[in-house]
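Chain residues, written in single-letter form:
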Protein chains: 2
Amino acid sequence: MNQIKRVVIFGGVHGNELTGIYLVKKFDRAPHLIARSTFETIALLGNPQACAIGRRYVDTDLNRCFLRQDLANPNLSSYEANRAQEISQIFSQKNSQQSDLIIDIHSTTSNMGLTIIAASNHPDNLQLAARLNLLYPNLKILTPATENRDSSVLRSLSKLGFTVEVGPVAQGVVDASLFCQTEELVSTILDVTEAYNLGTILPVKNPLTIYQSIGAIDYPRNEKGDIEAAIHPQLQFRDYEPLNPGDPMFLTWDGESVLYEGKSTVYPIFINEAAYYEKGIAMCFTQKSIVSQ
Amino acid sequence: MNQIKRVVIFGGVHGNELTGIYLVKKFDRAPHLIARSTFETIALLGNPQACAIGRRYVDTDLNRCFLRQDLANPNLSSYEANRAQEISQIFSQKNSQQSDLIIDIHSTTSNMGLTIIAASNHPDNLQLAARLNLLYPNLKILTPATENRDSSVLRSLSKLGFTVEVGPVAQGVVDASLFCQTEELVSTILDVTEAYNLGTILPVKNPLTIYQSIGAIDYPRNEKGDIEAAIHPQLQFRDYEPLNPGDPMFLTWDGESVLYEGKSTVYPIFINEAAYYEKGIAMCFTQKSIVSQ
């Protein structure tokens, strides 16, 4: 088991997700809150310019700028492409005996409660997730279907760590209750990391419920690209609940239901996430499974 | 009683409030939905460029551009100042025997349910509001504390009409259930207007509960302007409920409650509205009163 030498906490990778921004600012003022004895902790604003203007991004979505080829490309000139290259420098000098762990704090307009998205399926990372799940039985755990080496998201810079998603909360808004829950979860991740380094963490033997993304679905759209339906009221706010063949998925402007026509039950997440309208994503489908540790 | 010759329905005065935008687009495709026999109905996107980029505004908040002096000022050059002047042209040629009525559809991240904000306290306008309230007992009615002649909001262009506010819904998101409720409310306003023109509307004698804005309060902020607290969890989503002296109002990042120190009970609205962070407004205070018709 490698020691974790450093934990890097990101907030504000999207400049209109205020929970992470104000948590990072709080940690800046009170670093003792994130200090632990066996590793260094850094808290960083991911996209300071987007935070300053209160928008998701300036030129392009920073959390899609971490493909290895893009990080190595000196010709990219968008603010976010350059910022991604700066951020990747932090993780570039690795000692093979020591690891970094990333905590990247996001919020969502979807009703995803507290969710962690694992940076990788590395056994140590899943052990950390399993330990967190014991402490937070309602915590949802997403794991990558494949390894993250060719991923464009920030968390892919490290094999250890998590994107934290908290919702529902509107863009540009702090919900105090979710803020407090997120702060507590981050603190617990640090505690579990400390126990991991100290070797005092006991392996979790309980089966772990995980969700794996298996694709995304767009809204019905007309030839101009305008959406022609909204998330069906019976599906709205039902993230992580089963969607069965024949269940209503969308409601058109004229009041007609559009049904889910897949062949098997899926578990939608990111239902009606504001930032995904422009990405052509109405929701992501996941498979739910139970894995032995 | 003057005839209402025309109803103008606005959506997308703010380009990230999707409910009104998709309603106006629906009315464009299906004008029979808003056609009535005694008046003309027009549906318009208030701020087309802001709608196209999915932001509240391009240069400045269109719904603060309707001061009479600004509408008459040829030197203003922002996109929204010019758009406000274009919009005001629609209402400039008035026949003294006929009136226009404005319906301006907005959404809010605050938990304001269905709210109408009266364009004026003109007795005919309050009668329309009272009739709507009979049909929608949960509808909340805001009335201006003073007449709107020096107001900067779009609805002030006419003495008859309402801003419709619907929430909570995140910016950049359609909530199908709220979409349907808003459509139904707009249709009912048209029906009530038709009855008003036909003289078949019976005066409402029941007392009417109204809310009048008496001011706004900002978040606690530090010297840089950063907010130092969020809406207290006990106040979040409690729009229109009484806030009594000593009740918690904010929760600082360090977990301390900030209490309401006013001397009298107020009824906050627009609690935690995303667009008001930049305006220095954490919530608006209203007085609740019951008026006889």
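Residues numbered from 1 in each chain as written. Chains lettered and ligands numbered in written order. Predicted model: local features only at pLDDT ≥ 70, side-chain atom pairs only at ≥ 80, totals over all residues. Heavy atoms only, no water.

Residues and elements named next belong to chain A. On domain assignment, one finds that chain A holds domain 1 (3–206) and domain 2 (219–277). Inter-centroid distance (C-alpha atoms) of domain 1 to domain 2 is 29 Å. Domain 1 puts 13 residues into the contact, and the matching count from domain 2 is 11 residues. Interface area, domain 1 with domain 2, both sides summed: about 1,100 Å², of which 56% is carbon and sulfur. For the pair domain 1 and domain 2, the interface holds 0 salt bridges. (Domains from an automatic or database assignment. Contact = heavy atoms within 4.5 Å. Buried area = accessible area lost by both parts, 1.4 Å probe. Salt bridge = Lys/Arg side-chain N within 4 Å of Asp/Glu carboxyl O.)

Quick look at the confidence of the model for chain A now. Across chain A, the average pLDDT comes to 95, with 97% of residues at or above 70. Here the complex is predicted with pTM 0.96, and the ipTM for its interfaces comes to 0.94. (pLDDT = per-residue confidence, 0-100.)

Residue and element names in this part refer to chain A. A surface patch of negative charge is lined by Glu223, Glu228, Asp254 and Glu256. Assignment of secondary structure puts Glu256 in the loop between strand 9 (248–252) and strand 10 (257–259). Residue Glu256 is classed as exposed on the basis of its relative accessible area of 54%. (Patch = residues over 30% accessible without salt bridge, like charges linked within 9 Å, V, L, I, M, F, W, Y side chains within 5 Å. Areas by Shrake-Rupley, 256 points an atom, 1.4 Å probe, with all protein chains shown as cover. Lys, Arg positive; Asp, Glu negative; His and termini not counted. Charge placed at Lys NZ, Arg CZ, Asp CG, Glu CD. Helix = DSSP H or I, 4+ residues; strand = E, 2+ residues; numbered from the N terminus. Buried < 20%, exposed > 50% of the residue type's maximum accessible area, 1.4 Å probe, protein only.)

This part takes up the relation of the copies chain B and chain A. For these two chains of identical sequence, chain B goes onto chain A by a turn of 180° and a shift of 0.0 Å along the axis, with RMSD 0.0 Å. Read as a symmetry element, the transformation amounts to a two-fold axis. Scanning chain B for the C-alpha nearest the rotation axis identifies B:Ala170, at a separation of 2.3 Å. A symmetric contact is evident, with 100% of the interface residues of chain B recurring at the interface of chain A. (Least-squares fit on C-alpha atoms with pLDDT ≥ 70 in both.)

All names here are of chain A. The buried count for strand 4 (residues 113–118) comes to 5 of 6 residues, which makes it a mostly enclosed element. Relative to strand 6 (residues 160–167), strand 4 runs antiparallel, the two sharing 6 bridges. Directly across from Gly113, in strand 6, lies its bridge partner Gly167. The sheet contact formed by strand 4 and strand 5 (residues 140–143) spans 3 bridges and is parallel. Paired with Ile116 across the bridge in strand 5 is Ile141. (Pairing = 2+ DSSP bridges.)

Here B:Gly161 shows up in strand 6 (residues 160–167). Spatially, the C-alpha atom of B:Gly161 lies 27 Å from that of B:Ala282, the residues being 121 residues apart in sequence.

What follows is about the interface of chain B and chain A. Listed by partner, the interface residues are 31 residues for chain B and 31 residues for chain A. With both chains or domains summed, chain B and chain A bury close to 2,400 Å², and 61% of this area falls on carbon and sulfur atoms. Taken together, the connections running from chain B to chain A amount to 2 salt bridges. Between A:Lys25 and B:Asp226 there is a salt bridge; the shortest N-O distance is 3.0 Å. Where chain B touches chain A, the interface holds 8 residue pairs in polar contact (both at pLDDT 80 or more). (Polar contact = N/O pair within 3.5 Å; in protein donor to acceptor, adjacent residues only side chain to side chain.)

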